[in-house]
Amino acid sequence: MKIPFYFLILVFIISCKSTKIVSETESISKKTEMEFYENGLLKSIGQIDSDFLSKAARIGLWSEFYENGKLKETGEYKASSYVNCCIHGVCDVIYSYKIGEWSYYHENGQLKAKGIYKIDKKHIETSCEGGDEINIGFLNENWKFYDKNGTEIIPTEKEIKEIEESGMVDEFNMIGN
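Now for a quick tour of the structure. (Residues numbered from 1 in each chain as written. Predicted model: local features only at pLDDT ≥ 70, side-chain atom pairs only at ≥ 80, totals over all residues. Heavy atoms only, no water.)

Right, let's get into the layout of surface pockets. Volume-wise, the second largest pocket comes out at about 190 Å³. Around the second largest pocket, the lining residues are Lys122, Ile124, Ile134, Ile136, Gly137, Phe138, Lys161, Glu164, Glu165, Gly167 and Met168. Elements that contribute at least two residues to the lining of the second largest pocket include exactly strand E8 (118-124), strand E9 (132-138) and helix H2 (157-165). Per-element accounting of the lining of the second largest pocket gives the leading share, four residues, to E9. (1 Å grid on protein atoms, 1.4 Å probe; cavity = no way out; pocket = protein on both sides within 12 Å on 5 of 7 lines; lining within 4 Å. Points joined across faces, edges and corners; volume = space filled by probe spheres on them. Helix = DSSP H or I, 4+ residues; strand = E, 2+ residues; numbered from the N terminus.)

As a further point, take the nonpolar core. Judged by nonpolar contacts, Ile48, Trp62, Tyr77, Trp102, Tyr104, Ala113, Tyr117, Leu139, Trp143, Phe145, Ile163 and Val169 together constitute the single largest core of twelve residues. Excluding anything up to four places from it in sequence, Leu139 contacts Tyr117, Phe145, Ile160, Ile163 and Glu164. (Core = buried A, V, L, I, M, F, W, Y, C linked by side-chain atoms within 4.5 Å. Buried < 20%, exposed > 50% of the residue type's maximum accessible area, 1.4 Å probe, protein only. Contact = heavy atoms within 4.5 Å.)

Quick look at the packing of aromatic side chains now. Applying the stated criterion across every chain yields a total of eight aromatic pairs. Both rings, one in Trp102 and one in Tyr117, keep their centres 6.5 Å apart while their planes meet at 85°; by these two values the pair is edge-to-face. Separated by 15 residues along the polypeptide, Trp102 in strand E6 (residues 89-105) and Tyr117 in the loop between strand E7 (111-116) and E8 bring together distant segments of the chain. As far as the burial class goes, Trp102 and Tyr117 line up, both buried. Centroid distance Tyr117 to Trp143: 5.1 Å. Interplanar angle 70°. Geometry classified as edge-to-face. Note that Tyr117 is positioned in the loop between E7 and E8 and Trp143 in the loop between E9 and strand E10 (144-146), a separation of 26 residues in sequence. The class of Trp143 is buried, set by a relative accessible area of 6%. An aromatic cluster of three or more residues is present, and its members are Trp62, Tyr77, Trp102, Tyr104, Tyr117 and Trp143. If you follow Arg58 out to its NZ or CZ, it ends over the ring of Trp62, 4.0 Å from the centre. (Phe/Tyr/Trp six-rings, centres within 6.5 Å; stacked < 30°, edge-to-face > 60°. Lys NZ or Arg CZ within 6 Å of the ring centre and 35° of its normal.)

What follows covers the pattern of salt bridges. Going through the model one piece at a time under the given rule, you end up with eight salt bridges. As a salt-bridge pair, Lys43 and Glu35 come within 3.8 Å of each other at their nearest N and O atoms. Overall, the relative accessible area of 24% leaves Glu35 in the partly exposed class. Salt-bridge contacts for Lys118 lead to Asp120; the nearest nitrogen and oxygen are separated by 3.5 Å. Given a relative accessible area of 43%, Lys118 falls into the partly exposed group. (Salt bridge = Lys/Arg side-chain N within 4 Å of Asp/Glu carboxyl O.)

These figures come from the coordinates and say nothing about function on their own.
Shown next, in the form of C-alpha cells:
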C-alpha cells in the first residue's frame with residue numbers, strides 16, 4: 001500500500017515541475033495544470049504558459065474528461081491576449097484558442113466530432129471603445145460529426161455552435177473553474 005502512495009507523490013512532484021523550453025524564436029515556460037472533479041476523477045490536464053500567470057494561458061496538448069472518466073475532448077491550444085480597459089487603464093486579457101486537429105467525444109466514449117480548426121480573426125466587444133480583434137479557430141466543411149453509435153451525421157446548428165463557442169478560453173470564463 002505504501003509503494004503506490006509514494007509513486008503517486010513522485011508523479012505529482014514531477015508533473016508539477018515547471019520546465020523552460022527554449023527555441024531559436026521563442027522561450028516558453030510550461031507548467032502542467034490539472035483539475036479534478038469532486039469525485040476525484042480527472043477533469044482536465046494540459047500545459048499553461050506560466051509566464052502569463054493565468055490559467056487561461058493554455059498551450060499545447062489539452063485533454064478534458066467527463067465526470068464518468070471518459071475523454072470529452074482533446075487537442076492543442078495557443079495563448080494570446082487582447083486589449084481591455086481596466087480601472088487603472090488599458091490592460092491585456094490573456095486568452096487561449098484552439099488550433100489544429102481536435103477530437104470531441106460523446107459521454108459513452110464514441111467519437112462526436114473531429115476536424116481541424118481554421119484560424120481567423122474575430123472582432124470582440126471589450127470595455128474599451130471599439131473592442132479588439134482576436135485569433136480564433138472556426139469550423140469548416142471538413143469537420144465530421146457522429147451520433148452516439150458512431151454513425152456519421154449532418155450536424156445541427158446547435159452542435160456546431162457548441163463546439164465553436166468552446167474554441168476560446170479567457171481569464172473571465174476561468175473564474176469559478
